Amino acid sequence: MNREPVVLPNVKTKITTTKKKKKFSMKFLTPWLFLLPAIVILATFLVFPILEAFKWSFLDYKIIAGTGEYVGLANFKEMFADKYFWVALMNTLTFLVIVLPLNVFLPMILAVLVNQRIRGAGTFRVLYYLPVITPMVVAALMWKMLYSQSGIISEFLVKLGVFDGPTNLLVQSSTALTAVAAITVWKGLGYYMIIYLAGLQSIPKDVYESASIDGASVWKQFTKITIPMLTPSITLVSVMTIIAGMKVFEEIALTTGGGPSGATTTLVMYIYSKFMSLDVSIASAAGIVLLVLAIAASLLQMKLTSKREDDLRV
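Throughout what follows, the structure given in this document is the object of discussion. Computed from a prediction, not measured in an experiment: that's the story for all the values here.

**Let's talk about the overall build of the protein chain**
Item 1. The number of helices and strands found in the protein chain is 13 helices and two strands.
Item 2. The buried share among the 314 residues of the protein chain stands at 36%.
Item 3. Counting contacts in the protein chain only where the partners sit at least 6 residues apart, residues at least 24 apart contribute 66% of the total.

**Some words on helix H10 (residues 231-246)**
Item 1. Spanning 16 residues, H10 covers 22 Å between terminal C-alpha atoms, matching the ideal 22 Å at 1.5 Å per step.
Item 2. When H10 is considered as a whole, its buried residues turn out to be Thr231, Ser233, Ile234, Thr235, Val237, Ser238, Val239, Thr241, Ile242, Gly245 and Met246.

**Details of the packing of aromatic side chains**
Item 1. This structure, assessed with the given rule, holds 12 aromatic pairs.
Item 2. On the numbers, 5.7 Å between centres and 70 degrees between planes, the contact of tryptophan 143 with tryptophan 186 is edge-to-face. Of this pair, tryptophan 143 sits in helix H5 (residues 136-147) while tryptophan 186 sits in helix H7 (residues 176-201), and the two are 43 residues apart along the sequence.
Item 3. Judged by its relative accessible area of 23%, tryptophan 186 falls in the partly exposed class.
Item 4. Each residue in the set Phe80, Phe85, Trp86 and Tyr270 is aromatic and connected to the rest through ring pairs, giving one cluster.

**Here we look at unusual backbone geometry**
Item 1. The step from glycine 259 to proline 260 runs through a cis peptide bond, and the omega angle for that step is -5 degrees.
Item 2. Mapped onto the secondary structure, proline 260 falls in the loop between helix H11 (250-255) and helix H12 (267-276).
Item 3. In this model, serine 261 sits at a positive phi of 55 degrees, which is unusual for a non-glycine residue.
Item 4. As for its position among the elements, serine 261 is in the loop between H11 and H12.
Item 5. Not every positive phi belongs to a glycine, and leucine 278 is a case in point at roughly 65 degrees.
Item 6. With respect to the helices and strands, leucine 278 occurs in the loop between H12 and helix H13 (280-313).

Cut-offs used in this document
- Residues numbered from 1 in each chain as written.
- Predicted model: local features only at pLDDT ≥ 70, side-chain atom pairs only at ≥ 80, totals over all residues.
- Heavy atoms only, no water.
- Helix = DSSP H or I, 4+ residues; strand = E, 2+ residues; numbered from the N terminus.
- Buried < 20%, exposed > 50% of the residue type's maximum accessible area, 1.4 Å probe, protein only.
- Contact = heavy atoms within 4.5 Å.
- Expected span 1.5 Å × (residues − 1).
- Phe/Tyr/Trp six-rings, centres within 6.5 Å; stacked < 30°, edge-to-face > 60°.

Any link to function would need more than the numbers given here.
Printed below as a string of structure tokens:
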């Protein structure tokens, strides 16, 4: 009697397929496992608060009772009718106009200088970076002493003839915002310098050598080679400065407290004052406006610099 041969399943093929599936799944999951702590932290302290603020901005929320009645756009209408909101908005934009060009160009110049092969360049890099690691409380107290009537800055300005007598820049409405902006620029100078320094060291030296052979001056090399090649770094520094300038708080809270007469009250200070008075709905509405402005300004800056990069490629 003829029997049909029994076909045994290819066990080896199945095992290989299973191993491949496991390998693929682990390859896919491993990056997410490393990102999981950061995702949890961002979701807890960034995404969730933004969603809550968005919800509160449409409610007449009572934080003590933990309840709120839906009021639609009433909070935004009330906020836009508040003259202090517009003062805070103008102060924020003015602060940004002061800080942005200084944070973009001063660190770039410093990075070019410390990138030279000169004795003590490493020491200068450390000195320029010291303000970054200095706690803001210490920095604010130091600058308050420098800005005081008996401070060195007041004495220097009197000698230059800017003021007739000793003047504290932090208590003058006309100079307070600029004085605080100087603290912000000083604090971030070393950090942005490191970003530019990394960009400078990625530029091929052959480009500068060719330019020197062609007779290009140092200034022409800086404007025609260095700045265009640093466009990605300029974009990064600009966006970081816009975001930091929009949400400036510590420098103002520790030096002027928003004064004198609201001269240094920014949007974040406005939001803070509303939260402290338990008017969380208006504060949330102002926070949403601040978020939209920061995103819009960052996207505009990225668009302008990306256009610059496209022109360079052409």
